[in-house]
Amino acid sequence: FFMARTSFDGPVRSLNGFYGTGPGMVVNITADTTLTVADHAGRLITVNDADCKITLPSIVTTATPSAAGPGDDPNTLNNQGATFRFYIETLATDLDIKTDGTDKFVGSIGVGVSSGSFEIYSPGASNDVMTYNGTTTGGIVGSYIECTALKSAQYLVQGVLVGSGSIDTPFADA
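Residues numbered from 1 in each chain as written. Predicted model: local features only at pLDDT ≥ 70, side-chain atom pairs only at ≥ 80, totals over all residues. Heavy atoms only, no water.

**Brief notes about the overall build of the protein chain**
Keep this limit in mind: Helix and strand assignments come from DSSP, with helices taken as H or I runs of at least 4 residues and strands as E runs of at least 2, each series counted from the N terminus. Residue exposure (1.4 Å probe, protein chains only): buried if accessible area is under 20% of the type maximum, exposed if over 50%, otherwise partly exposed. Residues count as neighbours in contact if any of their non-hydrogen atoms are within 4.5 Å of one another. Note on areas: Shrake-Rupley, 1.4 Å probe, and residue coverage restricted to the protein chains presented here.
Looking only at helices and strands, one finds 1 helix and 13 strands in the protein chain. Going from N to C terminus, the protein chain has its helices and strands arranged as β-β-α-β-β-β-β-β-β-β-β-β-β-β. For the protein chain, the residues scored as buried account for 35% of the 174 residues in total. At a minimum sequence separation of 6, the contacts of the protein chain that also span at least 24 residues come to 64%. For the protein chain, the exposed surface amounts to about 9000 Å²; the carbon and sulfur share of it is 53%.

**Regarding the environment of Ile54**
Its location among the elements puts Ile54 in strand β4 (residues 53-55). Accessibility expressed as a relative area gives 0% for Ile54, which makes it buried. Taking the C-alpha atoms as reference points, Ile54 and Thr34, 20 residues apart in sequence, are found 5.8 Å from one another.

**Focus on the pairing of strand β5 (residues 83-88)**
Quick reminder of the rule: For two strands to be treated as a pair, DSSP must find no fewer than two bridges joining them.
Residue alternation in β5 divides its side chains into a buried set, Phe84, Phe86 and Ile88, and an unburied set, Thr83, Arg85 and Tyr87. In this structure, strand β3 (residues 44-47) lies alongside β5, joined through 4 bridges in parallel fashion. Pairing of Val47 across the sheet is with Ile88, part of β5.

**Re the nonpolar core**
As a reminder of what qualifies: Side-chain atoms within 4.5 Å link the members of a nonpolar core, which is a set of buried Ala, Val, Leu, Ile, Met, Phe, Trp, Tyr and Cys residues.
Of all hydrophobic cores here, the largest spans 31 residues; its most connected members are Phe86, Met130, Ile145 and Cys147. Taken together, the elements giving at least two residues each to this core come down to β3, β5, β6 (95-98), β8 (109-112), β10 (129-132), β11 (144-151) and β12 (154-162). Among residues more than four places away in sequence, those in contact with Phe86 are Leu35, Leu44, Ile45, Val47, Ile54, Leu56, Ile97, Ser143, Tyr144, Ile145 and Cys147.

**A word on unusual backbone geometry**
At Ala153, a position not held by glycine, the phi torsion is positive, near 65°. Tracing the chain through its elements places Ala153 in the loop between β11 and β12.

**Regarding the pattern of salt bridges**
Formally: The salt bridge criterion pairs a side-chain nitrogen of Lys or Arg with a carboxyl oxygen of Asp or Glu, the two atoms within 4 Å.
Within the structure shown, the criterion is met by 3 salt bridges. Residue Lys53 is joined to Asp94 by a salt bridge in which the shortest nitrogen-to-oxygen separation is 3.2 Å. Taken together, the residues Lys53 in strand β4 and Asp94 in the loop between β5 and β6 connect sequence positions 41 residues apart. A residue is classified by how much of its surface remains accessible, and Lys53, at 21% relative accessible area, is partly exposed. Note that Lys53 is salt-bridged to Asp96, the shortest N-O span being 3.7 Å.

**A short note on the sheet that holds β6**
Read across the sheet, 5 strands follow the order β2-β4-β6-β10-β13 without closing on themselves; strand pairing throughout is mixed. Looking along the sheet, the strands with just one partner apiece sit at the ends: β2 (33-34) and β13 (171-172). Where β6 meets β10, 4 bridges bridge the pair, whose relative direction is antiparallel. Within β10, the position partnered with Lys98 by the bridge is Val129.

Structure, rendered in structure tokens:
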């Protein structure tokens, strides 16, 4: 499934799809963590710390750009397209998912409560942190977030958060 750091050259074609399975496909976080592409991208990250700080890797689009053609460097630091998927498994009381400060969030996140209220929030141009408090900004067990390195300085965020009370945006500035 993961072909990074190999010498494979050329387009990949599968008639039956790709899938990843096994114990390495789920990574558990229980403390403040700075993510890496090698250890976290493409995997499901279960979050089991109520107040940890998770830092996404800086987006690198300049190393071996797509214009260089296939096979240029199998060990490129370019991480464009890397996706980080989070599942909140322990009630978040002060959980942050943040960028390096230069990268910002685009996209949207939905926050819903059991009473039926549901709001969709989009980040502002300067938002580089998502904070989950286990109530109004989501982070109740079952919340799910995806962050994809879209292009230079932009992480695409998508997800559905479980919240309670009068829901509010999880997006903020560092």
